[in-house]
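Chain by chain, the residues run as shown.
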Amino acid sequence: MTDSIERKKKALLDEIDKLREEYQVELPKRIAEARGMGDLSENAEYDAARERQAFLRARIAQLTHLVSQYNEVAASPADEKCVGFGSVVVVLELNSNIRSEYTIVHPIEVDASESKISISSPVGRALQNRTVGEEVVVTVPAGEKRFFIEKITSLKGSVFTA
């Protein structure tokens, strides 16, 4: 497994551990303290702790699913020459002649400020399974964009250029 995948998995597992600690140790104490305050029907501390508990449960499940996706990608003999989950893609937008770099990520990892786009976004779907040198047409709310794929760096670290 490559360092890139291992680093991402380690960061996710560290976050899961931190969230589990809060979920299993800190929150039960907060809930017990809130119960001790009396009537639960009007107890804001109790409600807040229960809401946090539900959030943590959902977030742990999301991150665990993401770790399993990284494991699948690492174990799969997928064609690294094609754009896929975790790929870093350099494209030239042919309409404006602007070069952009995108990292194709899971929807919960999207961060526009870091050019991380979802694999299920219009651009992500259009780039998926494409190779270096291909021209891709994407329909977006602002119209149609045409991209030329110049470079792909796979999640496993292989680099392909036009």
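Scope of this entry: the structure provided in the associated data block. In this text, all values refer to a predicted model and were calculated from it rather than measured experimentally.

**Notes on the environment of valine 138**
At step 1: Along the chain, valine 138 turns up in strand β4 (residues 135-140).
At step 2: Linking valine 138 and serine 120, residues 18 residues apart in sequence, is a C-alpha distance of 13 Å.

**Comments concerning the pairing of β4**
At step 1: Burial of the side chains of β4 is restricted to one face: Val136, Val138 and Val140 are buried, whereas none of Glu135, Val137 and Thr139 on the reverse face is.
At step 2: The pairing of β4 with strand β5 (residues 143-153) spans six bridges and is antiparallel. Directly across from valine 140, in β5, lies its bridge partner glycine 143.
At step 3: If you look at the hairpin formed by β4 and β5, you'll find two residues sitting between the two strands.

**Digging into the packing of aromatic side chains**
At step 1: As enumerated under the stated definition, the model contains two aromatic pairs in all.
At step 2: Summarising the aromatic geometry, the rings of tyrosine 70 and phenylalanine 85 are spaced 5.1 Å apart at their centres and angled 50° between planes, so their arrangement reads as tilted. Of this pair, tyrosine 70 sits in helix α2 (residues 44-75) while phenylalanine 85 sits in the loop between α2 and β1 (88-93), placing them 15 residues apart in sequence. Each member of the pair, tyrosine 70 as well as phenylalanine 85, carries the same accessibility label: buried.
At step 3: Judged by centre distance (6.4 Å) and plane angle (90°), the rings of tyrosine 102 and phenylalanine 147 are edge-to-face. Taken together, the residues span a long stretch of sequence, with tyrosine 102 in strand β2 (residues 98-105) and phenylalanine 147 in strand β5 at a distance of 45 residues. With respect to burial, tyrosine 102 and phenylalanine 147 carry one shared label: buried.

**Examining the nonpolar core**
At step 1: Core analysis: the biggest nonpolar cluster contains 35 residues, and Leu127 and Ile149 have the highest contact counts within it.
At step 2: Top element by residues in this core is α2. It accounts for ten residues.
At step 3: Ignoring anything within four residues of it in the chain, the contact list for leucine 127 reads Val83, Val91, Ile104, Val136 and Ile149.

Conventions we followed
- Residues numbered from 1 in each chain as written.
- Predicted model: local features only at pLDDT ≥ 70, side-chain atom pairs only at ≥ 80, totals over all residues.
- Heavy atoms only, no water.
- Helix = DSSP H or I, 4+ residues; strand = E, 2+ residues; numbered from the N terminus.
- Buried < 20%, exposed > 50% of the residue type's maximum accessible area, 1.4 Å probe, protein only.
- Pairing = 2+ DSSP bridges.
- Phe/Tyr/Trp six-rings, centres within 6.5 Å; stacked < 30°, edge-to-face > 60°.
- Core = buried A, V, L, I, M, F, W, Y, C linked by side-chain atoms within 4.5 Å.
- Contact = heavy atoms within 4.5 Å.

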